[in-house]
Amino acid sequence: MKSNKAIIYLLTGLSVVIATCILLHSCKSKKETENKWVTAQVSRQDISNLVTCTGSLEPISKVDVGTQVSGRVEKIYVDFNSIVKKGDLLAELDQTVLAASLASAQSSMASAKSQLDYQQKNYERYKTLYEKQLVSSSEFESAEYSYQTAKNNYDVSRNSYQTAKTNLSYAKIYSPIDGVVLSREVEEGQTVAASFSTPTLFNIANDLTKMRVIANVDEADIGNVREGQRATFTVDAYPTEYFNGDVTEVRQSATTTNNVVTYEVVINAPNPDLKLKPGLTATVSIYTLEKNNVLTIPSEALSFSPQNETRKSNTNGNVEVWVLDGVNMNSKLIQIGSKTGTLTEVISGLSEGENVVLKGEVVSSSKASDTKSDTVGNGSSSPFMPQPPKGRSGGGPR
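These numbers were taken from a predicted model, which means no experiment stands behind them.

A. Representation of the overall build of the protein chain in the model. For the protein chain, the count of helices and strands is 3 helices and 20 strands. Here the protein chain holds 398 residues, and the buried ones make up 33% of them. Contacts in the protein chain between residues at least 24 apart in sequence constitute 73% of all its contacts with a sequence separation of at least 6. Of the roughly 24700 Å² of accessible surface on the protein chain, a fraction of 49% belongs to carbon and sulfur atoms.

Laid out in structure tokens, this is it:
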């Protein structure tokens with residue numbers, strides 16, 4: 001009886017030991033093959049793409065006022081920042097020489113007119129005699145020639161008179177538009193010469209409440225810029241303030257500077273409070289993509305695929321992603337839309353709140369942690385992100 005009890009105890013103990021070993025081996029194998037996934041939730045967000053560039057502010061309408069005649073500046077009636085109306089007198093040149101030229105041209109025209117009147121009467125007289133065959137044809141032709149010559153000389157003198165009269169009127173400089181005088185390039189007593197080019201006397205801006213930015217966009221970004229896109233910009237004069245505008249023109253002409261090709265983009269810049277001034281340098285952001293409250297996932301999820309898994313062939317432009325449902329991971333084909341640097345719009349195939357897998361690795365029992373997955377964007381940190389050193393609070397020095 002004693003020996004039978006001992007055998008029973010021995011068999012029972014061996015059974016417990018074997019069961020314990022099998023359980024431990026199963027747990028160990030499970031831990032050794034445990035997967036650790038980095039996931040992110042499918043969520044609704046605003047997405048946008050930006051093109052950044054620099055440019056300068058200028059009035060929409062600006063006129064350089066010059067003079068078409070040479071002379072000494074006798075009087076200036078406006079100065080910097082003067083508000084002028086169209087037709088206002090801005091300056092006067094010395095009119096002495098121009099008035100003398102006009103008087104000389106007038107005298108020449110009067111002399112030519114007298115000669116024309118004489119030759120016309122002479123021609124009419126010879127014409128009457130020629131019709132009665134009282135003078136020869138050569139005499140009549142000579143009288144006709146003299147009349148035509150006098151007529152042409154009178155036309156020339158009359159044109160010279162008109163030119164002299166117009167030049168005299170050019171001695172008074174008038175404003176061609178309503179606006180503000182941005183610059184004055186001359187002083188009273190200064191001589192201006194209009195021999196080869198028109199000298200600039202004043203620079204007038206039409207309306208400083210309506211400005212524009214001429215931005216230089218790199219050739220790599222110009223393909224995404226379109227008319228009507230929203231833009232914001234800052235200037236050094238107000239570094240913390242953002243100004244709004246929109247793209248009104250994308251110019252086709254290219255500019256090459258130091259082998260860098262850029263294109264001019266015109267951005268409307270309302271300036272009701274006159275804060276913006278011509279010539280300020282603007283740092284511009286053009287929104288080439290803007291979508292609000294769309295379903296998004298990190299773009300990283302599009303390139304993930306588990307080991308030993310063959311990616312499904314894409315059909316109709318669909319893309320495969322992997323979704324973690326508890327402890328199970330399944331693939332789904334989704335349709336995507338716009339992309340930014342980090343986010344991708346999901347059109348169909350996923351629901352808000354699902355967890356898509358971004359990264360994953362197989363860890364050994366010595367490295368495995370109690371948590372089987374980390375979710376990016378829900379408050380927990382990714383295992384691939386650096387952690388603060390032990391013994392420090394908040395990552396700062398003790």
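B. Structural context of the nonpolar core. The biggest cluster of nonpolar side chains holds 32 residues, and the ones touching the most others in it are Leu 90, Phe 202 and Ile 204. Counting only elements with at least two residues in this core, the list comes to strand S4 (71-76), strand S6 (89-93), helix H2 (96-131), helix H3 (137-169) and strand S10 (200-205). If sequence neighbours within four positions are ignored, Phe 202 has contacts with Val 63, Asp 64, Val 65, Ile 76, Val 78, Leu 90, Ala 91, Val 181, Ser 183 and Arg 184. If you look at the next biggest cluster of nonpolar residues, it comprises 24 residues, including Cys 53, Val 217, Ile 222 and Phe 243.

C. Expanded view of H2. Taking 1.5 Å of rise per residue, 36 residues should cover 52 Å, and H2 covers 52 Å from first to last C-alpha, within 8% of that figure. Taken as a whole, H2 has its buried residues at Leu 98, Leu 102, Ala 105, Met 109, Ala 112, Leu 116, Gln 119, Asn 122 and Tyr 123. In this structure, the buried side of H2 is in contact with H3. Note on H2: the residue one or two positions beyond its end, Gln 133, has a positive phi of about 60°.

D. Main features of the packing of aromatic side chains. Applying the stated criterion across every chain, the model contains 6 aromatic pairs. Taking 4.8 Å as the distance between ring centres and 10° as the angle between the ring planes, the aromatic pair formed by Tyr 130 and Phe 140 counts as stacked. Linking Tyr 130 in helix H2 with Phe 140 in helix H3, this pair joins segments that are 10 residues apart in sequence. Residue Phe 140 is classed as buried on the basis of its relative accessible area, which comes to 12%. Consider the rings of Tyr 238 and Phe 243, whose centres lie 6.2 Å apart with planes at 65°: the pair is edge-to-face. Note on Tyr 238: relative accessible area 27%, which makes it partly exposed. Given the relative accessible area of 9%, Phe 243 is considered buried. Above the face of the Tyr 287 ring, Arg 230 is positioned so that its terminal group lies 4.0 Å from the ring centre. Taking the ring centre of Tyr 238 as reference, the NZ or CZ of Lys 275 above it sits at 5.4 Å.

E. Spatial organisation of the sheet that holds S10. Pairing within the open sheet is antiparallel, and its 4 strands lie in the order S3-S10-S8-S5. Two strands in the sheet have a free side with no partner beyond their single neighbour: strand S3 (62-66) and strand S5 (83-84). In this sheet, S10 lies alongside strand S8 (residues 179-184) in antiparallel orientation, the contact comprising 4 bridges. Residue Val 181 lies in a different strand from S10, and its bridge partner there is Ile 204.

F. Region of the structure containing the sheet that holds strand S7 (residues 172-174). The 4 strands are arranged S7-S6-S4-S9 in an open sheet whose pairing can be described as antiparallel. Across the chains shown, the open sheet's two edge strands, defined by having one partner strand only, are S7 and strand S9 (191-192). As judged from the 2 bridges shared by S4 and S9, these two strands associate in the antiparallel manner. If you follow Arg 72 over to S9, its bridge partner there is Thr 191.

G. The arrangement of the pairing of S4 in detail. Sheet analysis places S4 next to S6, joined by 3 bridges and oriented antiparallel. Considered in S6, the bridge of Ile 76 is made with Ala 91.

H. How the structure looks around H3. Between its first and last C-alpha, H3 extends 48 Å over 33 residues, near the 48 Å set by a 1.5 Å rise per residue. Among the residues of H3, those classed as buried are Phe 140, Ala 143, Tyr 147, Ala 150, Tyr 154, Ser 157, Tyr 161, Ala 164 and Leu 168.

I. Geometry of unusual backbone geometry. Positive phi outside glycine occurs at Asn 81, with the angle close to 70°. Mapped onto the fold, Asn 81 is located in the loop between S4 and S5. Overall, Asn 81 belongs to the exposed group, its relative accessible area being 59%. A positive phi angle, close to 55°, is found at Asn 258, a residue other than glycine.

Thresholds applied
Residues numbered from 1 in each chain as written. Predicted model: local features only at pLDDT ≥ 70, side-chain atom pairs only at ≥ 80, totals over all residues. Heavy atoms only, no water. Helix = DSSP H or I, 4+ residues; strand = E, 2+ residues; numbered from the N terminus. Buried < 20%, exposed > 50% of the residue type's maximum accessible area, 1.4 Å probe, protein only. Contact = heavy atoms within 4.5 Å. Areas by Shrake-Rupley, 256 points an atom, 1.4 Å probe, with all protein chains shown as cover. Core = buried A, V, L, I, M, F, W, Y, C linked by side-chain atoms within 4.5 Å. Expected span 1.5 Å × (residues − 1). Phe/Tyr/Trp six-rings, centres within 6.5 Å; stacked < 30°, edge-to-face > 60°. Lys NZ or Arg CZ within 6 Å of the ring centre and 35° of its normal. Pairing = 2+ DSSP bridges.

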